[in-house]
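# Remarks on the overall topology
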Amino acid sequence: QVQLVESGGGLVQAGGSLRLSCAASGRTGAMGWFRQGPGKEREFVAAISWSGAVTNYADSVKGRFTISRDNAKNTVYLQMNSLKPEDTAVYYCARARSSLAPRLLREYEDWGQGTQVTVSS
């Protein structure tokens, strides 16, 4: 089991930016970011393969968010630009079972504790 720790959340005005980080305790395969807004189910945001060559994004964040990774640091990042109030959620990183970049929640096993992102209008 790999432990994951997210950081970088906070309060930002609409149109602003934040960069989330996810530090892993060991080597990981593909990694993903998910989010859960108030009263909503956890949803896929972005994923990246182990090599970084393959990325996937939810339509709602495509063109605004960028996922990247630094395998030397066992860290995955989520750069979030042009933030909107509807991006408000707790953001979680997770480790996938495979080396690809899956979108489905069930394809992930280890999860972090989450970091709160609040976007004010």
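For the structure itself, look to the data block above.
Residues numbered from 1 in each chain as written. Predicted model: local features only at pLDDT ≥ 70, side-chain atom pairs only at ≥ 80, totals over all residues. Heavy atoms only, no water.

### Re the environment of Ile-67
- Within the secondary structure layout, Ile-67 lies in strand 7 (residues 65-70).
- With relative accessibility at 4%, the residue Ile-67 sits in the buried group.
- It is 12 Å that separates the C-alpha atoms of Ile-67 and Ala-30, two residues lying 37 residues apart in sequence.
- Once residues lying within four places of it in the same chain are set aside, the contact partners of Ile-67 are Met-31, Trp-33, Ala-46, Ala-47, Ile-48, Thr-55, Tyr-57, Val-76, Tyr-77 and Leu-78. (Helix = DSSP H or I, 4+ residues; strand = E, 2+ residues; numbered from the N terminus. Buried < 20%, exposed > 50% of the residue type's maximum accessible area, 1.4 Å probe, protein only. Contact = heavy atoms within 4.5 Å.)

### Remarks on the packing of aromatic side chains
- In total, this model carries 4 aromatic pairs according to the counting rule given.
- By way of ring pairs, the aromatic residues Phe-34, Phe-44, Tyr-108 and Trp-111 are connected into one cluster.
- Over the aromatic face of Tyr-92 sits the side chain of Arg-42, whose NZ or CZ is 3.7 Å from the ring centroid.
- Over the ring of Trp-111 we find Arg-42; its NZ or CZ atom is 4.9 Å from the centre of that ring. (Phe/Tyr/Trp six-rings, centres within 6.5 Å; stacked < 30°, edge-to-face > 60°. Lys NZ or Arg CZ within 6 Å of the ring centre and 35° of its normal.)

### Some details on the pattern of salt bridges
- Tallied over the full model, the rule gives 7 salt bridges.
- Where Glu-43 meets Arg-35, a salt bridge forms, and the shortest distance between an N and an O atom there is 2.7 Å.
- Across the salt bridge formed by Arg-64 and Asp-87, the nearest N and O atoms sit 2.8 Å from each other. Here the residue Arg-64 occupies a position in the loop between strand 6 (55-57) and strand 7, and Asp-87 occupies one in the loop between strand 8 (75-80) and strand 9 (89-96), the gap between them amounting to 23 residues. (Salt bridge = Lys/Arg side-chain N within 4 Å of Asp/Glu carboxyl O.)

### Description of the nonpolar core
- In terms of nonpolar packing, the biggest core is built from 34 residues, with Trp-33, Val-45, Phe-65, Ile-67, Leu-78, Met-80 and Tyr-91 touching the most fellow members.
- For this core, the secondary-structure elements that each account for two or more residues are strand 3 (18-24), strand 4 (31-36), strand 5 (43-48), strand 7, strand 8, strand 9 and strand 11 (115-120).
- Those residues in contact with Leu-78 that lie beyond four places of it in its chain are Leu-18, Arg-19, Leu-20, Trp-33, Val-45, Ala-46, Phe-65, Thr-66, Ile-67 and Tyr-91. (Core = buried A, V, L, I, M, F, W, Y, C linked by side-chain atoms within 4.5 Å.)

### Section: unusual backbone geometry
- Positive phi, normally seen in glycine, also occurs at Asn-74, with a value near 50°.
- Inspection of the secondary structure assignment puts Asn-74 in the loop between strand 7 and strand 8.
- A positive phi angle, near 50°, is found at Ser-82, a position not held by glycine.
- Examined against the element boundaries, Ser-82 turns out to sit in the loop between strand 8 and strand 9.
- Of the residues examined, Ser-82 reaches a relative accessible area of 42% and is grouped as partly exposed.

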